[in-house]
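Geometric and topological summary
As a plain string of letters, each chain reads:
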Amino acid sequence: METDGNGSMEESRSKLLLYLKLAFLAMEPSNCLLSLAIEAGGGCITQQVQNFIVKECFAKNMKETTMNNQAYIKGILKKVIANVESSSVCAEDCLYEELAHYLTIGGPPEENNIIYREISFLSSDLDGKDCSNSVNLVAALRCSSNMLEGDTGCSLWPSSLFLSEVILSHPEMFSNKSCFEVGSGVGLVGIALSHVGASKVTLTDGDMSSLANMKANLELNKLCLDVASDPMHPCAQKVECRHLAWELASKAELQDQRPDIVLGADIIYNPECIPDLVRVFSILLDNDSFGEDKREAPSAYIATVIRNLDTFNYFLTVAGKSMLSVVDVTAKTQVPNLLPYMRSYDRSSVHLLRVSLLSE
Ligand SMILES: C[S@@+](CC[C@H](N)C(=O)[O-])C[C@H]1O[C@@H](n2cnc3c(N)ncnc32)[C@H](O)[C@@H]1O
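The notes below deal with the structure included here.

What counts and how
Residues numbered from 1 in each chain as written. Predicted model: local features only at pLDDT ≥ 70, side-chain atom pairs only at ≥ 80, totals over all residues. Heavy atoms only, no water. Helix = DSSP H or I, 4+ residues; strand = E, 2+ residues; numbered from the N terminus. Buried < 20%, exposed > 50% of the residue type's maximum accessible area, 1.4 Å probe, protein only. Contact = heavy atoms within 4.5 Å. Areas by Shrake-Rupley, 256 points an atom, 1.4 Å probe, with all protein chains shown as cover. Near = heavy atom within 4 Å. Nonpolar A, V, L, I, M, F, W, Y, C, P; charged D, E, K, R; others polar. Pairing = 2+ DSSP bridges. Salt bridge = Lys/Arg side-chain N within 4 Å of Asp/Glu carboxyl O.

Details of the overall build of the protein chain
Per the secondary structure count, the protein chain includes 11 helices and nine strands. Residues counted as buried form 51% of the 360 residues belonging to the protein chain. Here the analysis covers contacts within the protein chain between residues at least 6 apart in sequence; of these, 72% occur between residues at least 24 apart. Entry remark: accessible area of the protein chain is about 16,700 Å², with carbon and sulfur atoms responsible for 52%.

So, in structure tokens, the structure goes:
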């Protein structure tokens, strides 16, 4: 019995240490990291946890970093040291050495707000109910710490984390399907779609700086932007990034796409854009315009946080008038938590909507 107890305690400690490392790489807020470090130490940041932080966490494990990443690490180190010094635990020398290192190499934070984050999605258990301890996908993302940069498209939003969890836990719904996303922002959903083997991935955004940042992210994740020009390219899959402003998109341009699945994360928030957004969905989901060359009716998934109920209801009204059926499928879609270490991510606030065009 005792061995079992110790064994499972050891197991949960190593799980918490893994979460701590992944939370560092995802650049979770300092309060979330401190609480994970305290939990991993069983109530305080033990010497073992301090050593783990210095050896296993931090930017030296990341593909890319900026001065802003280093400023973040300095801030975290200072908080860990303050916490340890105010407790009865001895502070390890390596914490001070690491802080001194970052103080000497790093200058002030850069003004461009660029940070690199690594979002690690864990695998779900066979029953799909819970996540295991193995990492299924790591998405390296160049993001802005300013939420409004690039018309909000340069930072990462909870809805795209949730939509990526849906894709990774239901790969059969997306593999071998042609997928088209609107308002893609940093491009995380496209990385998840490529990972599960979508036959074609098209990512779009109306903001040019978000589009440039999205392309940088696809390259960072070794996804090909254009294999058409190089048929011998070893990368089998093409991810296309297109400029698509909902208000400017022509009917012909949208009809040319013919996706099997349309996706969107956190795109219902500006009432002024809603009529154009609904028009884009209506055209992309219309199966009738293809004459004899018919295919299975496309469907759409939108992940959204309802920030303003009036705006959301306005979306439902405009969608209804355009013969779009919008069903909240959050409760009936089993989506295991693949990001249990991201304590700042409130997945309960995200809804999954299934959208389809009603036939007349
Ligand atoms: C809140 S962000 C969400 C980004 C990303 N989907 C995510 O969840 O992380 C909204 C995105 O929609 C894009 N967007 C907003 N209005 C748009 C419009 N009229 N046409 C095209 N894209 C638009 C923005 O540029 C931005 O990338």
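Here the narrative resumes.
A few points about the site of the ligand
Residues in close proximity to the ligand total 21 residues, the closest being Ser 160, Gly 183, Asp 205, Glu 247 and Ala 265. Isolated, the ligand exposes 590 Å² of accessible area, and the fraction of that covered by the protein chains is 97%. Of the residues belonging to the shell around the ligand, the class tally is seven nonpolar, nine polar and five charged.

Digging into the pairing of strand E7 (residues 299-305)
With seven of seven residues buried, E7 is to be regarded as a mostly interior element. Alternating residues of E7 divide into Ser 299, Tyr 301, Ala 303 and Val 305 and Ala 300, Ile 302 and Thr 304, and every residue in both groups is buried. With five bridges joining them, strand E6 (residues 261-265) and E7 adopt parallel strand pairing. Each bridged residue has a counterpart across the sheet, and for Gly 264 the counterpart in E7 is Ile 302. With six bridges connecting them, E7 and strand E9 (residues 350-357) associate as antiparallel partners. Among the inter-strand pairings, Val 305 is bridged to a residue of E9, identified as Val 350.

Examining the pattern of salt bridges
Per the counting criterion, the structure on display carries seven salt bridges. One salt bridge in this structure joins Glu 39 and Arg 343, with 2.7 Å as the shortest N-O distance. With a gap of 304 residues between them, Glu 39 in helix H2 (residues 30-40) and Arg 343 in the loop between strand E8 (324-328) and E9 connect regions that are remote in the sequence. Look at Glu 39 and you get partly exposed, because its relative accessible area is 39%. A relative accessible area of 36% places Arg 343 in the partly exposed class. One connected set of salt bridges, linked through shared partners, spans Lys 200, Glu 240, Arg 242 and Glu 253.

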